Amino acid sequence: VAVQQHGHALEYAADELKCDHEIVQIAVQQDGCSLQFAANELKSDRELVRVAVQQDGRALEYAADELMSDREIVLCGVRKCGSTLRKAADELKSDREIVTVAVHQDGNALKDAADELKCDRELVSVAVQQHGRALEYAADELKSDREIVTVAVHQDGNALKDAADELKCDRELVSVAVQQHGHALEYAADELKCDHEIVQIAVQQDG
């Protein structure tokens, strides 16, 4: 069977086979995103969708809308691909466990978290450890949090771009940022762009 080797082959199957539960299940076991080619009624099949998102979290994008509110299905999805949080129902974007799992997998999933979780210091710390540039999506008060920003620039010096202005004047923090990525000097306060040692670190890092 072609779909056992390449689940995506479901795209070329006859319509009646895209309605065949057994065929579609074989396909999504091999390639979760082949769910997109299944008949609409099978995109509402909870067990089938669960198999698909366990294989590839991105398959959540192709599930029926009602399953975007299914906590177990969404949790399976974000474990595999944090960015699929964007497809979850709004109430699940406020679910701390789901959002924490998502940002562990992809820090940038913080973008789609509910606003109250963007103020959650522990959760934002997890996000910026995974992807420093996730600082962009944190609440403003956390962009002024020196510890959070330090974690972010350790992971990606360019996270300095989204730090509060007062931290762009922080010599130690800017030094960490340019050691990680010389181009981060662009986001430093003007007085630090004139600092011989800081500039030297930046150009040595980027060459």
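Described in the following lines is the structure provided in the data block. These figures come from a predicted structure and were not determined experimentally.

Here the focus is the overall build of the protein chain. For the protein chain, the count of helices and strands is 12 helices and 0 strands. Ordered by position in the sequence, the α and β elements of the protein chain form the string α-α-α-α-α-α-α-α-α-α-α-α. Radius of gyration (C-alpha) of the protein chain: 22 Å, far over the 17 Å computed for a compact globule of 207 residues. With the principal axes as the frame, the protein chain shows a C-alpha extent of 70 × 35 × 15 Å. Evaluated residue by residue, the protein chain yields a buried proportion of 53% over its 207 residues. If you take every contact in the protein chain between residues at least 6 apart in sequence, the share linking residues at least 24 apart comes to 39%. Total accessible area on the protein chain is roughly 10000 Å²; 44% of this is exposed by carbon and sulfur atoms. Across the protein chain, the 22 positively charged side chains and the 42 negatively charged ones have centroids separated by 1 Å.

Moving on, we come to the environment of Lys87. Within the secondary structure, Lys87 is located in the loop between α5 (71-80) and α6 (96-105). In sequence terms Lys87 and Arg58 are 29 residues apart; their C-alpha atoms lie 9.5 Å from each other.

Core analysis: the biggest nonpolar cluster contains 65 residues, and Leu85, Val103, Leu110, Val153, Leu160 and Val178 have the highest contact counts within it. For this core, the secondary structure elements donating two or more residues are α3 (21-30), α4 (46-55), α5, α6, α7 (121-130), α9 (146-155), α10 (171-180) and α12 (196-206). Leaving out residues up to four positions away in the same chain, Leu160 has contacts with Val153, Leu167, Lys168, Leu173, Val174, Ala177, Ala184, Tyr187 and Ala188.

On to the state of the cysteines, then. By the definition in use, this model includes 0 disulfides. Here Cys19 is not cross-linked by a disulfide; its sulfur's nearest cysteine counterpart is in Cys33, at 20 Å.

Where α7 meets α9, the closest approach of the two axes is 7 Å, and the angle between their N-to-C directions is 15°. Put simply, α7 runs roughly parallel to α9. In this structure, α7 crosses over α9, and the sense of that crossing is right-handed. Here α7 contributes Arg121, Val124, Ser125, Val128, Gln129 and Gln130 to the contact with α9, which in turn contributes Glu147, Ile148, Val151, Ala152 and Gln155. The residue makeup of the contact of α7 with α9, split by class, is 5 nonpolar, 4 polar and 2 charged.

About the thresholds
The written sequence of each chain sets the order in which its residues are numbered from 1. Local features are withheld for residues below a pLDDT of 70 in this predicted model, meaning they are given only at 70 or higher, and side-chain atom pairs are given and counted only at 80 or more; totals for whole chains, interfaces and linings count all residues. Excluding hydrogens and water, the side-chain values take into account all heavy atoms of the structure. Secondary structure elements are defined from DSSP: runs of H or I of at least 4 residues count as helices, runs of E of at least 2 residues count as strands, and each element is numbered from the N terminus. Each radius of gyration reported is based on C-alpha atoms, and the globular scaling rule is 2.2 Å times the count of residues to the power 0.38. The classification of residues rests on relative accessible area computed with a 1.4 Å probe and restricted to protein chains. Under 20% of the type maximum is buried, over 50% is exposed, and intermediate values are partly exposed. Contact between two residues is taken to exist if any of their heavy atoms lie within 4.5 Å; hydrogens are not considered. For accessible areas, the Shrake-Rupley method is used with a probe of radius 1.4 Å. Any residue's cover is judged against the shown protein chains and nothing else. In this tally, Lys and Arg are treated as positive and Asp and Glu as negative; His is ignored, and so are the chain termini. Note on charges: their place is set at NZ of Lys, CZ of Arg, CG of Asp or CD of Glu. The nonpolar core is taken to be a set of buried Ala, Val, Leu, Ile, Met, Phe, Trp, Tyr and Cys residues, with the residues joined through side-chain atoms within 4.5 Å. Note on terminology: disulfide denotes any pair of cysteine sulfur atoms within 2.5 Å. Angles here are taken between N-to-C directions and fall from 0 to 180 degrees, while the axes themselves are lines fitted to C-alpha atoms, restricted in helices to the stretch in contact. Angles below 35 degrees are treated as roughly parallel, those above 145 as roughly antiparallel, those between 65 and 115 as roughly perpendicular, and all remaining angles as oblique. Left-handed describes a crossing whose near helix is turned anticlockwise from the far helix through less than a right angle; right-handed describes the clockwise counterpart. Ten residues, namely Ala, Val, Leu, Ile, Met, Phe, Trp, Tyr, Cys and Pro, are considered nonpolar, four, namely Asp, Glu, Lys and Arg, are considered charged, and the remaining ones, Gly among them, are considered polar.

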